[in-house]
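# Examining the three-dimensional arrangement
Here's the letter readout for the chains.
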Amino acid sequence: MDWIRSFQRSIDFIEENITEPLDIGDIARTANISPFYYQKIFAMICGFTVGEYIRNRRLTLAASELARSDVKVIDAALKYGYDTPEGFARAFAKFHGVSPSEAKKGAPVKSYARLSVTISMKGGSIMDYKVVQKQAFKVIEKRSVQSISENANLQTIPKFWENVNSDGTVEKLISLSSDKEKIFGICYSNPHKEEATFDYSIAAEVSDNTEIPEGFTSNIIPARTWIVFECKGAMPDAIQQLWHRICTEFFPSSPYEPTYEMDIEGYTDGDMTSPDYRSEIWVPVKERK
């Protein structure tokens, strides 16, 4: 239930401050996790971003206020976070299909309901996972700094993979790896909650005495308890669907909770477009108190 309560607190915070400037760091802090993991989990649970939710809720409330009061369009624009009436009118028309002035005259508008985080009882389903106690291990990696702004990394991370596949990085990592059939994508949570970035690396597990090639860095992944989820299916849909199930089915009812330090996706050699392609998600956890 802590999972549910923490996210409900964050939704309540958004709603209570909907007409104020909202910073993702402040929102995430109410759920006691980093901005990166807050946005990631929010999108996995809801199917849309935090920014989309805030915009749609503001446009819903603005339409209601325009329809039932004598508020001026320019005042509504400023109240709900728009610098100019023109910007407000464009966003309003895109969302509602009518202009703010038409809404004032009684034209039909859309409503975007406030979120309420609950446990939904559904038919039983099976998730393949195992609990792994793993000692600290060394990885050699190629890192990049990613933005959490509006899930910009949904475009930049695939581009990063494209680059390292074409420049020989992946082949080099595989040649150094202690597991020649697996390569990692690692998301590192930024410990500085006010910063809207996180580090993402493409990495391989190596032995302790492996030398670091030029252009690469090394890191020690600390000893942790990991929940390892098995994934079968074509990329990227299969792993995105598994993340959704992890966030909505596994952790809300699990005796474990994530540590929010990092997560690792393990990719095996093979055809990623095949329905039989195998991958993994590794999440460091601790027992729920």
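Below you will find a few notes about this structure.

Analysis parameters
Residues numbered from 1 in each chain as written. Predicted model: local features only at pLDDT ≥ 70, side-chain atom pairs only at ≥ 80, totals over all residues. Heavy atoms only, no water. Salt bridge = Lys/Arg side-chain N within 4 Å of Asp/Glu carboxyl O. Helix = DSSP H or I, 4+ residues; strand = E, 2+ residues; numbered from the N terminus. 1 Å grid on protein atoms, 1.4 Å probe; cavity = no way out; pocket = protein on both sides within 12 Å on 5 of 7 lines; lining within 4 Å. Points joined across faces, edges and corners; volume = space filled by probe spheres on them. Expected span 1.5 Å × (residues − 1). Buried < 20%, exposed > 50% of the residue type's maximum accessible area, 1.4 Å probe, protein only. Arc of directions from axis to C-beta. Contact = heavy atoms within 4.5 Å.

## What about the pattern of salt bridges?
Side-chain pairs of opposite charge can arise whenever the charged atoms involved come near each other. In the structure shown here, the tally under the stated rule is 13 salt bridges. For the salt bridge of Glu205 with Lys134, the shortest nitrogen-to-oxygen distance reads 3.4 Å. With Glu205 in strand S4 (residues 197–206) and Lys134 in strand S1 (residues 129–134), the pair connects residues that are 71 residues apart, well separated along the chain. Glu249 is the salt-bridge partner of Arg245, the closest N and O atoms lying 3.3 Å from each other.

## Some remarks on empty space enclosed by the protein
The method is simple in principle: a probe with the dimensions of a water molecule rolls over the atoms, and the space it marks as empty is what remains. Counting across every chain of the model gives 2 cavities of 30 Å³ or more. In this structure, the largest cavity encloses a volume near 120 Å³. What lines the largest cavity is a set of 16 residues, among which Tyr37, Ile41, Trp243, Pro258 and Val283 lie closest to the centre.

## Comments concerning helix H10 (residues 237–250)
Helix length check: H10, at 14 residues, gives a terminal C-alpha distance of 19 Å against a target of 20 Å (1.5 Å per residue), a fit within 8%. Ala238, Ile239, Leu242, Trp243, Ile246, Cys247 and Phe250 are the residues of H10 that are buried. Projected onto a plane normal to the axis of H10, the buried residues spread over an arc of 165° and lie on a single side. Of the surrounding secondary structure, the elements contacted by the buried residues of H10 are helix H1 (2–16), helix H3 (35–46), S1, strand S6 (224–232), strand S8 (262–268) and strand S9 (278–287).

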